[in-house]
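Spelled out, the chains give:
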Amino acid sequence: GAVVSQHPSWVICKSGTSVKIECRSLDFQATTMFWYRQFPKQSLMLMATSNEGSKATYEQGVEKDKFLINHASLTLSTLTVTSAHPEDSSFYICSARTPAKGKNSPLHFGNGTRLTVT
Amino acid sequence: KNQVEQSPQSLIILEGKNCTLQCNYTVSPFSNLRWYKQDTGRGPVSLTIMTFSENTKSNGRYTATLDADTKQSSLHITASQLSDSASYICVVSAREDNYGQNFVFGPGTRLSVLP
């Protein structure tokens, strides 16, 4: 089945530094990937939609200059948290869909990245 | 406003018992409803996908039902196992699009299966 790989699985960084998270579709091409944020005991919140070869679409309230998304190829999207602060500590998850299989195909999720900003 | 509600918020059952999780939604126009299982610290994994015309769908010990008239869905877990301990998330697609921008996520039900 379709696999989405996310890296790293966890990262600890100091406040003010930037962190890059990668999301790869391993056995399919994903023209669109999604980035989510999840706080403890809460459900996923869509942050942005990453479109291959074009600018990402951000959800209301998500700072595009802080959460930089690059989708340079059909199998890779990256999320960079710039100038991270402790409040950015969260679980970040990406997902991708296989458009060729139609609208009822499942979303395939990465295993998430636990970001801790100290 | 498109919303998905789930109940109960959390549930504790003994190994081997059955349980049913509920999902109510006010999403329109409805496209499909998905149940996902999310283990702690992991990404969600798809269990079932149901369209408007489907009333029930099974995946092993998981059986999902859908009543599009009342906008309710349930996920029934049979003969629970310790590995079923996870969060179960109901996700409703808001329209027939090709990219999934309109997935509406429920808050999840946290299931704990005890030995």
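Each residue is numbered by its place in its chain's sequence as written, counting from 1. Labels follow written order: the first chain is A, the first ligand is 1, and so on. Side-chain atom pairs in this predicted model are given and counted only at pLDDT of 80 or more, local residue features only at pLDDT of at least 70, and totals for whole chains, interfaces and linings cover all residues. Excluded from the side-chain calculations are hydrogens and water; all other atoms, namely the structure's heavy atoms, are used.

1. Looking at the pairing of strand 8 (residues 72-77) of chain B
Residue and element names in this part refer to chain B.
Now for step 1: Pairing of strand 3 (residues 19-25) with strand 8 involves 6 bridges; the strand directions are antiparallel. By the bridge assignment, Cys-23 is partnered in strand 8 with Ser-73.
Now for step 2: Two strands pair when backbone bridges link them, and strand 7 (residues 62-67) and strand 8 are joined in this way by 6 bridges, in the antiparallel orientation. Looking at strand 8, one finds that Leu-66 is bridged to Ser-73.
Now for step 3: Strands qualify as paired when DSSP identifies two bridges or more between them. For helices the rule is a DSSP run of H or I covering at least 4 residues; for strands it is a run of E covering at least 2, with both sets numbered from the N terminus onward. Connecting the antiparallel pair strand 7 and strand 8 is a turn made up of 4 residues, with Lys-71 showing a positive phi of about 60°.

2. Re the sheet that holds strand 8 of chain B
Residues and elements named next belong to chain B.
Now for step 1: In space, the 5 strands of this open sheet follow the order 1-3-8-7-6, with antiparallel pairing throughout. Either end of the sheet is taken by a strand with one partner, and the two such strands are strand 1 (4-7) and strand 6 (56-59). Mean inter-strand twist for the sheet, computed between neighbouring axes without regard to direction, equals 15°.
Now for step 2: Bridge count between strand 6 and strand 7: 4 bridges; the pairing is antiparallel. Within strand 7, the residue paired with Asn-59 across the bridge is Tyr-62. Angles shown run from 0 to 180 degrees and are taken between the N-to-C directions of axes, each axis being a line fitted to C-alpha atoms and, for helices, limited to the stretch in contact.

3. Some remarks on the side chain of Arg-37 of chain A
All names here are of chain A.
Now for step 1: Assignment of secondary structure puts Arg-37 in strand 4 (residues 32-38).
Now for step 2: Buried charged residue Arg-37 carries no salt bridge. Nearest counter-charge: Asp-88, at 4.2 Å.
Now for step 3: A distance of 2.8 Å separates a polar atom in the side chain of Arg-37 from the backbone oxygen of Glu-87.
Now for step 4: Whether two residues touch is decided by their heavy atoms; if any such pair falls within 4.5 Å, the residues are in contact. Ignoring anything within four residues of it in the chain, the contact list for Arg-37 reads Ser-43, Leu-44, Met-45, Met-47, Phe-67, Glu-87, Asp-88, Ser-90, Phe-91 and Tyr-92. Relative accessibility decides the category of a residue: with a 1.4 Å probe and only protein chains considered, values under 20% of the type maximum give buried, values over 50% give exposed, and everything between is partly exposed. Only four residue types enter the charge count: Lys and Arg as positive, Asp and Glu as negative, with His and the chain ends excluded. Salt bridges are defined by distance alone: a side-chain nitrogen of Lys or Arg within 4 Å of a carboxyl oxygen of Asp or Glu. Polar contact criterion, stated in full: a pair of N or O atoms within 3.5 Å, where within protein one must be able to donate a hydrogen and the other to accept it, and residues adjacent in sequence count only if both atoms are side-chain atoms.

4. Considering the pattern of salt bridges
Residue and element names in this part refer to chain A.
Now for step 1: Considering all chains together, one arrives at 4 salt bridges over all chains under this definition.
Now for step 2: Between Glu-22 and Arg-24 there is a salt bridge; the shortest N-O distance is 3.5 Å.
Now for step 3: According to the relative accessible area criterion, Glu-22 is partly exposed, its value standing at 24%.
Now for step 4: Note that Asp-88 and Lys-66 form a salt bridge whose closest N and O atoms lie 2.9 Å from each other.

5. Quick word on the nonpolar core
Now for step 1: Residues enter a nonpolar core if they are buried and are Ala, Val, Leu, Ile, Met, Phe, Trp, Tyr or Cys, with the set joined through side-chain atoms within 4.5 Å. Ranked by size, the top nonpolar core spans 26 residues in total, and within it Val-4, Tyr-25, Leu-33, Trp-35, Leu-75, Tyr-88 and Val-92 of chain B carry the most contacts.
Now for step 2: Those elements giving two or more residues to this core turn out to be strand 3, strand 4 (32-38), strand 5 (45-51), strand 7, strand 8, strand 9 (86-93) and strand 11 (109-114) of chain B.
Now for step 3: The contact partners of Leu-75 of chain B, leaving out residues within four places of it in the chain, are Cys-19, Thr-20, Leu-21, Trp-35, Leu-47, Tyr-62, Thr-63, Ala-64 and Tyr-88 of chain B.
Now for step 4: Counting 23 residues, the second largest nonpolar core, distinct from the first, contains Ile-21, Phe-28, Trp-35 and Tyr-92 of chain A.

6. Things to note about the pairing of strand 1 of chain B
Residues and elements named next belong to chain B.
Now for step 1: Residues Val-4 and Gln-6 line the buried face of strand 1, whereas the alternating positions Glu-5 and Ser-7 sit on a face that is not buried.
Now for step 2: As paired strands, strand 1 and strand 3 are joined by 4 bridges and run antiparallel to one another. Bridge pairing in strand 3 places Gln-6 opposite Cys-23.

7. Points about the packing of aromatic side chains
When we look at a pair of aromatic rings, we describe it by the centre distance and by the angle of the planes.
Now for step 1: Two aromatic rings from Phe, Tyr or Trp, using only the six-membered ring of Trp, form a pair when their centres are within 6.5 Å; if the ring planes differ by under 30 degrees the pair is stacked, by over 60 it is edge-to-face, and anything between is tilted. All told, the structure shown has 7 aromatic pairs over all chains when counted by the stated rule.
Now for step 2: Taking 5.2 Å as the distance between ring centres and 25° as the angle between the ring planes, the aromatic pair formed by Tyr-25 of chain B and Phe-30 of chain B counts as stacked. Like Tyr-25 of chain B, the residue Phe-30 of chain B is buried in the burial classification.
Now for step 3: An aromatic cluster is defined as three or more aromatic residues linked by ring pairs; in this entry it consists of Tyr-36 and Phe-109 of chain A together with Tyr-36 and Phe-105 of chain B.

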